[in-house]
Amino acid sequence: MPIASIHESVDLSNRFMVYIGLIALAAGSIIMYFAGKKITSPILSLAALSERMSELDFDARYTGDSEDEIGVLGNSMNTLSEKLKETIGELKTANNELQKDIEEKIRIDEARKEFIANVSHELKTPIALIQGYAEGLTEGMAEDPESRD
């Protein structure tokens, strides 16, 4: 058998292997892309959900229907979101009630201060009159001892 035909067969075999290798590489890359996308897409969805929850948007929900670990995590995040929404709502209600109580206490305190100021003013006037009359009596303004007594 001539060496030229062997070289020709080897070249043909090498080209065939290169073509098959490139096709296998391209097909493997495409398969890996879609498989990776299928695996990472629910994780990216959960990451976006957690980002929205961190911005206090508790209406965000995980919509996946898988029953694997990602699905369990998504359902747990939905439950967490509902509970946080309820708790923050209760806290806002309690905060509003406390704010109203504080405003009422401020109003009562202002009324108390005004009352004390009025009472103080009303008491100062008769006391000043009595004090002035007593000083007048001690200084002998009344000539009659009976009036002094």
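Remember, predicted model here, so these are calculated numbers, not experimental data.

Visitor: I'm lost on the pattern of salt bridges in this one. Help?
Guide: According to the stated counting rule, one finds five salt bridges in the structure shown. We note a salt bridge from R52 to D57, for which the minimum N-O separation is 2.7 Å. When its relative accessible area of 25% is taken as the criterion, D57 is described as partly exposed. Between D109 and K113 there is a salt bridge, with the nearest N and O atoms lying 3.7 Å from each other. Of this pair, D109 and K113 both sit in helix α2 (residues 69-138), separated by four residues, roughly a single helical turn. A relative accessible area of 27% places D109 in the partly exposed class. Here the residues in one salt-bridge network are D109, R112 and K113, joined through shared partners.

Visitor: I keep staring at the packing of aromatic side chains and nothing clicks. Help me out?
Guide: Given two aromatic rings, one states the distance between the centres and the angle between the planes to describe the pair. Across all of its chains, the model carries one aromatic pair by this definition. Measuring from ring centre to ring centre gives 5.2 Å for Y33 and F34, while their planes differ by 75°; the resulting arrangement is edge-to-face. Residue F34 is classed as exposed on the basis of its relative accessible area of 52%.

Visitor: Before we go on, may I ask you to explain the side chain of S81 in this structure?
Guide: Considering the arrangement of structural elements, one finds S81 in helix α2. Overall, S81 belongs to the buried group, its relative accessible area being 0%. One polar contact links the side chain of S81 to the main-chain carbonyl oxygen of F58, over a distance of 2.8 Å. Polar contacts involving the side chain of S81 include one to the side chain of R61, which spans 3.0 Å.

Visitor: Please clarify how α2 should be interpreted in this entry.
Guide: Each turn of an α-helix holds 3.6 residues, which means side chains three or four residues apart point in the same direction. Here α2 is 70 residues long and its end C-alpha atoms lie 99 Å apart, about the 104 Å a rise of 1.5 Å per residue gives. Among all positions of α2, only I70, G71, G74, M77, N78, S81 and G136 are buried. In the core, the buried residues of α2 are packed alongside α1 (3-54).

Cut-offs and rules
Along each chain, residues carry numbers from 1 onward, in the same order as the chain's sequence is written. Selection of residues for local features in this predicted model requires a pLDDT of at least 70, selection of side-chain atom pairs for listing and counting requires 80 or more, and totals for whole chains, interfaces and linings are taken over all residues. Only heavy atoms go into the side-chain values, all of them from the structure, while hydrogens and water stay out. Just to be clear on terms, a salt bridge is a Lys or Arg side-chain nitrogen sitting within 4 Å of an Asp or Glu carboxyl oxygen. Between buried and exposed lies partly exposed: a residue is buried under 20% and exposed over 50% of the maximum accessible area for its type, with that area taken using a 1.4 Å probe on protein chains only. Counting from the N terminus, the helices are the DSSP runs of H or I reaching at least four residues and the strands are the DSSP runs of E reaching at least two. Between rings of Phe, Tyr and Trp, where Trp is taken as its six-membered ring, a pair exists when centres lie within 6.5 Å; planes separated by under 30 degrees are stacked, by over 60 edge-to-face, and by other angles tilted. Two N or O atoms form a polar contact when they lie within 3.5 Å of each other; inside protein one atom must be a possible hydrogen donor and the other a possible acceptor, and for residues adjacent in sequence the pair counts only when both atoms belong to side chains. Helix span is expected to be 1.5 Å times the residue number reduced by one. Should any heavy atoms of two residues lie within 4.5 Å, those residues are counted as being in contact.

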